[in-house]
Amino acid sequence: MISEQTKARFDREVAKYPADQKQSAVMACLTIVQQEQGFVSAQSEQLVADYLGMAPIAVHEVTTFYNMYNQQAVGKYKLNVCTNLPCQLRDGAKALKHLEHKLGIAMGETTADGLFTLQQSECLGACADSPVMLVNDVTMCSFMSNEKLDQLIDGLKSAEAK
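The rules behind the values
Within each chain, residues carry numbers counting from 1 in the order of the written sequence. For this predicted model, a pLDDT threshold of at least 70 governs which residues receive local features, and a threshold of 80 or more governs which side-chain atom pairs are given and counted, while totals over whole chains, interfaces and linings are taken from all residues. In computing side-chain properties, one takes all heavy atoms of the structure into account and sets aside hydrogens as well as water. To define axes, lines are fitted to C-alpha atoms, for helices over the stretch in contact only, and angles between the resulting N-to-C directions are given on a 0 to 180 degree scale. Secondary structure elements follow DSSP: runs of H or I no shorter than four residues count as helices, runs of E no shorter than two count as strands, and numbering proceeds from the N terminus. Roughly parallel here means an angle under 35 degrees, roughly antiparallel means over 145, roughly perpendicular means 65 to 115, and every remaining angle is called oblique. Helix crossings are classified by the rotation of the near helix relative to the far one: an anticlockwise turn of less than a right angle makes the crossing left-handed, while a clockwise turn makes it right-handed. What makes two residues a contact is simply this: any of their non-hydrogen atoms within 4.5 Å. Here the nonpolar group is Ala, Val, Leu, Ile, Met, Phe, Trp, Tyr, Cys and Pro; Asp, Glu, Lys and Arg are the charged ones; every other residue, Gly included, is treated as polar. To estimate how far a helix should extend, the number of its residues minus one is multiplied by 1.5 Å. Remark: exposure states derive from per-residue accessible area (1.4 Å probe, protein chains only) relative to the maximum for the residue type, with buried under 20%, exposed over 50%, and partly exposed in between. Paired rings are identified among Phe, Tyr and Trp, the last through its six-membered ring, by centres lying within 6.5 Å, and are further divided according to the angle between planes into stacked (under 30 degrees), edge-to-face (over 60) and tilted (the rest).

Caption draft 1: Representation of the packing of helix H1 (residues 4–14) against helix H2 (residues 26–37) within the structure. Axis separation between H1 and H2 bottoms out at 9 Å; the angle between their running directions is 155°. By the angle between their axes, H1 is roughly antiparallel relative to H2. For the pair H1 and H2, the sense of crossing is right-handed. Across the interface between the two elements, Thr 6, Arg 9, Phe 10 and Glu 13 of H1 pack against Ala 28, Cys 29, Ile 32, Val 33, Gln 35 and Glu 36 of H2. The residue makeup of the contact of H1 with H2, split by class, is 5 nonpolar, 2 polar and 3 charged.

Caption draft 2: Spatial organisation of helix H6 (residues 92–103). Its 12 residues place the ends of H6 17 Å apart at the C-alpha level, agreeing with the 16 Å of an ideal helix rising 1.5 Å per residue. Along H6, the residues that are buried comprise Gly 92, Ala 95, Leu 96, His 98, Leu 99, Glu 100 and Leu 103. Where H6 is buried, its residues touch strand S1 (77–82), helix H5 (85–89), strand S2 (116–121), strand S3 (133–135) and helix H7 (146–161). Directly after H6, the chain includes Gly 104, whose backbone phi takes a positive value near 70°.

Caption draft 3: Region of the structure containing the packing of aromatic side chains. In this structure the tally under the stated criterion is 4 aromatic pairs. Each ring, one from Phe 65 and one from Tyr 66, has its centre 4.8 Å from the other, and the planes form 85°; the classification is edge-to-face. Using a relative accessible area of 62% as the deciding quantity, one classes Phe 65 as exposed. The exposure class assigned to Tyr 66 is partly exposed, which follows from its relative accessible area of 32%. Three or more aromatic residues joined by ring pairs form one cluster here, namely Phe 65, Tyr 66 and Tyr 69.

Caption draft 4: Just the side chain of Thr 117, in detail. With respect to the secondary-structure elements, Thr 117 resides in strand S2. With residues near it in sequence (within four places) discarded, Thr 117 still touches Val 74, Gly 75, Tyr 77, Lys 78, Leu 79, Glu 109 and Thr 110.

Caption draft 5: Just the environment of Ile 105, in detail. As for its placement among the helices and strands, Ile 105 is situated in the loop between H6 and S2. The sequence separation of Ile 105 and Phe 116 amounts to 11 residues, and the corresponding C-alpha distance is 9.2 Å. When residues no more than four places from it in sequence are discounted, the contact partners of Ile 105 are Glu 100, Thr 110, Thr 111, Phe 116 and Leu 118.

Given below as C-alpha cells:
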C-alpha cells in the first residue's frame, strides 16, 4: 500500500514527464521508496510497477542494475569499493580485502552492529583517483590507501560513539 504522502511525491515526479511517458519516473519513484523504507523490496517494486503501469520485471531490472538501490536492509554506512579494472590495477581489490579484514565481514555483508555494509561496484568514474569508494551513494573517497581506509572507518565509528 502506498501512503498518501508517498503517492503525492510520486505524482510530483510523474508530472515532470508527458502523460504517455510516466514510466520515465521509475528511478525517482524507486529512490522515494528507498528513502522511506531504507531499501526496495519486491513488494515495493510491484507497487511502483502498478503505479506507473509497468511490468514488474521492468522495475526489477532497474532496481538490480543500479548499485544505489538496496534490495535488502543495509548498514548506516554503505561502502562501495570500485573493483573495475583501472582500480584493480591500482590496489582496488586490496582495498576491498583490507576493509573485509578490518570490519570482519565479507563483501556483500553488514557488520553485526548494523553500522557498515561492504559492497563492490563497477566504475565510479574516478579512475585517476583509484582506488576509490563511494560512501552512502554520495561521498566519493579517492586514493584510499590502507591508512586512509582505517582513518575513515575509525572516524565513522568514533562519530557513532558520541
